[in-house]
Amino acid sequence: MDAQTYRSFPILYLAFHGESSAIYVGDEPYSLDKLGALFEGRCHNAIIVFGSCSTLDVRERSLLKFLEKTGALAVCGYRSDVDWLAATAFELLMLSAMQGNEFSGRGIAAIEKKIRSSSALSRELKFRLVSKLAV
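The rules behind the values
- Residues numbered from 1 in each chain as written.
- Predicted model: local features only at pLDDT ≥ 70, side-chain atom pairs only at ≥ 80, totals over all residues.
- Heavy atoms only, no water.
- Salt bridge = Lys/Arg side-chain N within 4 Å of Asp/Glu carboxyl O.
- Buried < 20%, exposed > 50% of the residue type's maximum accessible area, 1.4 Å probe, protein only.
- Phe/Tyr/Trp six-rings, centres within 6.5 Å; stacked < 30°, edge-to-face > 60°.
- Helix = DSSP H or I, 4+ residues; strand = E, 2+ residues; numbered from the N terminus.

Q: Before we go on, may I ask you to explain the pattern of salt bridges in this structure?
A: Tallied over the entire structure, the rule returns one salt bridge. Residue Glu28 is joined to Lys34 by a salt bridge in which the shortest nitrogen-to-oxygen separation is 3.2 Å. Glu28 sits in the partly exposed class, given a relative accessible area of 38%.

Q: Is there a simple way to explain the packing of aromatic side chains in this structure?
A: Aromatic rings in a pair are described by how distant their centres are and how their planes are angled relative to each other. Considering all chains together, one arrives at three aromatic pairs under this definition. Judged by centre distance (6.0 Å) and plane angle (55°), the ring pair of Phe50 and Phe66 falls under tilted. Taken as a pair, Phe50 in strand 5 (residues 47–50) and Phe66 in helix 2 (residues 60–70) lie far apart in primary sequence, 16 residues in all. Its relative accessible area of 0% is what places Phe50 among the buried residues. Classification of Phe66 as buried rests on a relative accessible area of 4%. On the numbers, 5.2 Å between centres and 70° between planes, the contact of Tyr78 with Phe127 is edge-to-face. Linking Tyr78 in strand 6 (residues 74–78) with Phe127 in strand 7 (residues 127–131), this pair joins segments that are 49 residues apart in sequence. Accessibility expressed as a relative area gives 0% for Tyr78, which makes it buried. The class for Phe127 is buried, based on a relative accessible area of 9%. Members of the aromatic cluster, joined through ring pairs, are Tyr78, Phe90 and Phe127.

Here it is, written out as structure tokens:
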């Protein structure tokens, strides 16, 4: 299937085990560079959500490179290890904010605001969102 098939699904949610700059699919690590190559040009105006420990514990420059390669509008996830139950509760709030806003500069700002106001969970879980619109 090509990218056209999923155009009406603008959120790519990847829930795996992770570490700094990578997720694990089974026992196989997939770095952000490897994922960027797999998704190259296929995520136009999508938001990629990493529901995995520590995957976004990288320099912002690496995330901007990932966005450029994939064509995604934004990438978000955790910079540290997280408790799965707290992360699940937070992600429900975050995904709700994404569903309720358009994927534009104004919409991304509203999503970021909702994430910050979702109690102390976003700070406690060290969650970050990086968008190419904020640059």
